Amino acid sequence: MIFKNKKVNIFIFLTIALICVAVILPNLNLEVVTQHSSADSTLDEELIDELENNSGSISESFVGMPKLTSQFTNAWQAYNYALKMSEEYPAYIKYVQTIDGNALNTVGVKVTVSRIILNDVENIYARNEAKTEIDASKVGIDLSDRAVKYISYTHFDFVNDHVQSPDWSQGTIEDYKESHNDVMLHTLPYIINESTVSGRPSLQNDPSSDYYKVTMTLNSKAWATYIKVLKAEIGESSVTGGPNISSIVVEFRIDKTYGTFRQVIAKENYDLVYTVGAGLSATVTCEGTIKMTYSYKTDISTQVEEYYNKIWKTK
């Protein structure tokens with residue numbers, strides 16, 4: 001279908017942009033957002049340097065974290081142990097999600113979500129930075145000024161069972177899960193267990209590497225909730241086809257010394273049909289990547305205090 005009217009084109013392009021923004025909303029917490037300011041336009045540089053330069057690193061002085069006494073022999077053993085460690089020990093996590101969407105083979109939309117997560121086990125603090133860029137250069141339309149960046153903060157208090165954003169209470173943990181289709185900010189948005197993985201996941205133990213590589217190909221049971229989230233966020237009446245997920249493959253890199261996650265990399269492929277109205281529809285194809293980088297440290301109290309003060313602002 002070819003639309004010759006530029007006004008109609010622009011309307012569709014902006015609609016497509018909103019589609020791709022909505023696609024990542026399940027993993028964001030943008031109930032309370034502010035457009036970025038020059039004073040708060042980038043993520044914590046020191047924290048990012050720590051994560052980039054010491055991916056998966058663990059201080060030898062980390063008190064209480066046990067070293068592995070034997071090698072992993074299968075993928076589920078490695079994955080389940082790393083998952084348990086992630087629930088028991090404090091860590092920095094850098095979470096980056098990118099979505100490249102294409103509609104009508106002419107309009108491109110790129111969404112990037114950068115997130116710093118501070119997990120001190122009893123609390124999780126998250127700082128999100130989301131940016132959307134639209135490329136309609138193939139049809140001679142400059143939409144570069146439409147790029148938008150947002151920043152938001154969230155605190156999950158597991159001791160007192162409370163979720164808080166700046167100046168906005170989101171109720172209990174269960175309240176949050178119910179309103180977000182059980183998708184939390186610090187985890188992948190899929191269900192992963194033996195029934196949601198196709199075939200037998202592989203465990204690669206390269207003698208020259210200091211981490212194991214576990215690869216899982218997910219099936220439709222893993223993303224059943226994810227599809228509901230996508231459709232609900234985009235609009236039940238507007239999504240007239242799909243979302244159709246063709247594949248999700250997740251790779252887990254697990255430290256050989258401590259059995260902790262170093263990186264988690266998920267790759268997604270899907271499409272959907274979006275109807276604007278009056279019979280105007282477009283098929284949107286998307287390729288997505290989620291990359292989580294872990295760094296375990298002895299003390300994250302300074303960063304926790306900084307994030308706490310941003311979230312629990314003095315009125």
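Being a predicted model, the structure only gives us computed values, none of them experimental. (Residues numbered from 1 in each chain as written. Predicted model: local features only at pLDDT ≥ 70, side-chain atom pairs only at ≥ 80, totals over all residues. Heavy atoms only, no water.)

**Focus on the overall build of the chain**
So, point 1. The helix and strand tally for the chain stands at six helices and twelve strands.
So, point 2. Counting the 315 residues in the chain, one finds 47% classified as buried.
So, point 3. The contacts in the chain between residues at least 6 apart in sequence include a share of 69% that link residues at least 24 apart. (Helix = DSSP H or I, 4+ residues; strand = E, 2+ residues; numbered from the N terminus. Buried < 20%, exposed > 50% of the residue type's maximum accessible area, 1.4 Å probe, protein only. Contact = heavy atoms within 4.5 Å.)

**A short note on the pattern of salt bridges**
So, point 1. Taken as a whole and judged by the stated rule, the model has five salt bridges.
So, point 2. Measuring nitrogen to oxygen at the nearest pair gives 2.6 Å for the salt bridge that ties E251 to R253.
So, point 3. For E251, a relative accessible area of 17% puts it in the buried group.
So, point 4. Note on R253: relative accessible area 21%, which makes it partly exposed. (Salt bridge = Lys/Arg side-chain N within 4 Å of Asp/Glu carboxyl O.)

**Description of unusual backbone geometry**
So, point 1. Residue P243 is reached from G242 by a cis peptide bond, and omega for that bond is 0°.
So, point 2. Even without a glycine there, the phi angle at V121 is positive, about 80°.
So, point 3. With respect to the helices and strands, the residue V121 is situated in the loop between β3 (107–119) and β4 (123–135).
So, point 4. With a phi close to 55°, D161 is a non-glycine residue in the positive phi region.
So, point 5. The topology assignment puts D161 in the loop between β5 (148–157) and β6 (162–165).
So, point 6. What makes D161 partly exposed here is its relative accessible area of 36%.

**A short note on the side chain of E268**
So, point 1. Counting through the fold element by element, E268 comes out in strand β11 (residues 261–277).
So, point 2. Of the side chains with opposite charge, K267 lies nearest to the buried E268, which makes no salt bridge, at 11 Å.
So, point 3. Among the polar contacts made by the side chain of E268, one reaches the side chain of Y190 at a distance of 2.4 Å.
So, point 4. In this structure, E268 is in contact with Y190, Y226, S247, I248, C286, E287, G288 and I290, ignoring residues within four places of it in sequence. (Lys, Arg positive; Asp, Glu negative; His and termini not counted. Polar contact = N/O pair within 3.5 Å; in protein donor to acceptor, adjacent residues only side chain to side chain.)

**Notes on the pairing of β6**
So, point 1. By the bridge criterion, two bridges tie β6 to strand β7 (residues 168–169) in an arrangement that is antiparallel. Bridging from a neighbouring strand, Q164 pairs with S169 of β7.
So, point 2. Linkage of β6 to β7, two consecutive antiparallel strands, is achieved through a turn of two residues, within which D167 is found at a positive phi near 60°. (Pairing = 2+ DSSP bridges.)

**Thoughts on helix α6 (residues 301–311)**
So, point 1. For α6, the full list of buried residues reads Q303, V304, Y307 and I311. For α6, the angular spread of the buried residues around the axis is 100°, confining them to a single face. (Arc of directions from axis to C-beta.)

**Considering the nonpolar core**
One broad rule of soluble globular proteins: the nonpolar side chains tend to lie buried together.
So, point 1. Membership of the largest hydrophobic core comes to 60 residues, with the highest contact counts inside it found for L188, Y190, I192, L218 and F252.
So, point 2. The residues contacting F252, other than those within four sequence positions of it, are Y79, L188, I192, Y212, K213, V214, M216, F261, Q263 and V264.
So, point 3. Among the nonpolar cores identified, the runner-up in size contains ten residues, and I116, L118, Y153 and I311 belong to it. (Core = buried A, V, L, I, M, F, W, Y, C linked by side-chain atoms within 4.5 Å.)

**Here we look at the environment of S208**
So, point 1. Structurally, the position occupied by S208 is in the loop between β8 (202–204) and β9 (211–217).
So, point 2. Separated by 2.8 Å, the side chains of S208 and D206 make a polar contact.

**Some thoughts on helix α3 (residues 75–88)**
So, point 1. Between the first and last C-alpha of α3 there are 20 Å, a value that for 14 residues agrees with the 20 Å anticipated at 1.5 Å per step.
So, point 2. Put simply, N74 is the residue that caps the front of α3, since its side-chain oxygen is 3.1 Å from the backbone nitrogen of W76. (Expected span 1.5 Å × (residues − 1).)

**Here we look at the confidence of the model for the chain**
So, point 1. Averaged over the chain, the pLDDT score is 77; the fraction of residues at 70 or greater is 71%.
So, point 2. With pLDDT under 50 throughout, residues 1–8 is counted as low confidence; its partners more than four residues away or in other chains account for nine contacts.
So, point 3. A low-confidence stretch, residues 17–41 stays under pLDDT 50, and its non-local contacts, those more than four residues away or across chains, total 81 contacts. (pLDDT = per-residue confidence, 0-100.)

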